[in-house]
Amino acid sequence: MTTEPVTATAPEAPEGGPLPGPDGLLRCPWGSTPEDYAAYHDSEWGRPVHGDDALYERLCLEGFQSGLSWLTILRKRPAFRAAFADFHIPAVARFTEDDEERLLADSGIVRNRAKISAALNNARVAAEWEPGELDRLVWSYAPDPASRRAPRTTAEVPGSTPESTSLAKALKKRGFRFVGPTTAYALMQACGLVNDHLADCWRR
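Conventions and cut-offs
Residues numbered from 1 in each chain as written. Predicted model: local features only at pLDDT ≥ 70, side-chain atom pairs only at ≥ 80, totals over all residues. Heavy atoms only, no water. Helix = DSSP H or I, 4+ residues; strand = E, 2+ residues; numbered from the N terminus. Axes fitted to C-alpha atoms, helices over the stretch in contact; angles between N-to-C directions. Parallel < 35°, antiparallel > 145°, perpendicular 65-115°, else oblique. Left-handed = near helix turned anticlockwise from the far one by under 90°. Contact = heavy atoms within 4.5 Å. Nonpolar A, V, L, I, M, F, W, Y, C, P; charged D, E, K, R; others polar. Phe/Tyr/Trp six-rings, centres within 6.5 Å; stacked < 30°, edge-to-face > 60°. Buried < 20%, exposed > 50% of the residue type's maximum accessible area, 1.4 Å probe, protein only. Lys NZ or Arg CZ within 6 Å of the ring centre and 35° of its normal. Polar contact = N/O pair within 3.5 Å; in protein donor to acceptor, adjacent residues only side chain to side chain. Core = buried A, V, L, I, M, F, W, Y, C linked by side-chain atoms within 4.5 Å. Expected span 1.5 Å × (residues − 1).

1. Focus on unusual backbone geometry
Here comes step 1: A cis amide bond, omega -5 degrees, links T33 with the succeeding residue P34.
Here comes step 2: Despite not being glycine, F87 has its phi angle at roughly 60 degrees, a positive value.
Here comes step 3: Examined against the element boundaries, F87 turns out to sit in the loop between α3 (70-83) and α4 (89-93).
Here comes step 4: With a phi angle near 60 degrees, F178 is a residue other than glycine that sits in the positive phi range.
Here comes step 5: If you trace the backbone, F178 turns up in the loop between α8 (162-173) and α9 (181-190).

Structure representation (structure tokens):
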């Protein structure tokens, strides 16, 4: 998904500084309204996420978002979790061709064969790893926070970085699919590897 305005985790918004929401709090422009975005912005986006299953879920959702609105993914997330066994890697790794066809017929999720196939492939790859290995791999690409200046406007938020490019390459080398530098950076933003809340956003 594209982050504000160019990455993959935050929805599209005009370039600029934070905006006040209905409660008067300043938020990143994409996170002020609607309520779905505000709740995600305030309680999830940019907070550290650990755990293989949790990071696998975020990777899947970022991949499914590609070309779509992040709001669509947020609103479909309960259906995604039901369809993908709560994104428990060993369970998804055991999905069969019949499960893939079931997913393609599930109107509650994004029915894209390439994205579904990639999600199942990535679970099968990760299921072969040691517990915690996906977590360690992803977090090994977190940049030093001291090396990053807080963005003041959405125009200063990148769509990808050298670290996200390296993370995408590492995942692909290990067998993951549908993970490019922009998707990897969206993951880094969403899971707290970087803090891209604007300087004057209350959540920063």
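2. Some points on the packing of helix α2 (residues 52-65) against helix α6 (residues 113-127)
Here comes step 1: In contact at an axis separation of 10 Å, α2 and α6 are set at 160 degrees when each is read in the N-to-C sense. The pairing of α2 with α6 is recorded here as roughly antiparallel in orientation. Where α2 crosses over α6, the two elements pack in a sense that is right-handed. Each of Y56, C60, G63, F64 and Q65 in α2 lies in contact with α6, whose residues at this interface are K115, I116, A119, L120, N122 and A123.
Here comes step 2: Here the contact of α2 with α6 is built from residues that sort into seven nonpolar, three polar and one charged.

3. What about the packing of aromatic side chains?
The geometry of an aromatic ring pair is captured by the separation of the ring centres together with the interplanar angle, meaning the angle of the planes.
Here comes step 1: The final tally for this structure, using the stated rule, is eleven aromatic pairs.
Here comes step 2: With a centroid separation of 5.6 Å and an interplanar angle of 55 degrees, the aromatic rings of Y40 and W70 are classed as tilted. With Y40 in helix α1 (residues 35-43) and W70 in helix α3, this residue pair connects regions lying 30 residues apart in the sequence.
Here comes step 3: Look at Y40 and you get buried, because its relative accessible area is 2%.
Here comes step 4: Each ring, one from F84 and one from F87, has its centre 5.4 Å from the other, and the planes form 5 degrees; the classification is stacked. The exposure classification of F84 matches that of F87, with both residues buried.
Here comes step 5: Aromatic rings pair up to connect Y56, F64, F80, F84, F87 and F95 into one cluster.
Here comes step 6: The ring of W129 carries R174 above its face, with NZ or CZ at 4.2 Å from the centroid.
Here comes step 7: The ring of W202 has R203 lying over it, and the distance from NZ or CZ to the ring centre is 5.3 Å.

4. Side note on the side chain of S32
Here comes step 1: In this fold, S32 is placed in the loop between β2 (26-27) and α1.
Here comes step 2: On the basis of relative accessibility, which here comes to 8%, the residue S32 falls in the buried class.
Here comes step 3: Looking at S32, its side chain comes within polar contact range of the main-chain oxygen of P29, at 3.2 Å.
Here comes step 4: When residues no more than four places from it in sequence are discounted, the contact partners of S32 are L19, P20, G21, P22, R27 and A38.

5. Some words on the nonpolar core
Nonpolar side chains in soluble globular proteins tend to be buried together.
Here comes step 1: Counting 55 residues, the largest nonpolar core has Y56, F64, F80, F84, L134 and F176 as its most contacted members.
Here comes step 2: Apart from the residues lying within four places of it in its own chain, the contact partners of F64 are I73, F80, F84, V110, K115, I116 and A119.

6. Observations regarding α6
Here comes step 1: Compared with the 21 Å implied by 1.5 Å per residue over 15 residues, the 21 Å span of α6 between its first and last C-alpha is a close match.
Here comes step 2: For α6, every residue scored as buried is listed here: K115, I116, A118, A119, L120, N121, N122, A123, V125 and A126.
Here comes step 3: Tucked inside the fold, the buried residues of α6 contact α2, α4 and α5 (97-104).
Here comes step 4: A side-chain oxygen of the first residue of α6 lies 3.1 Å from the backbone nitrogen of A114; this N-cap is N112.

Everything listed here is a matter of geometry and, on its own, says nothing about what the molecule does.
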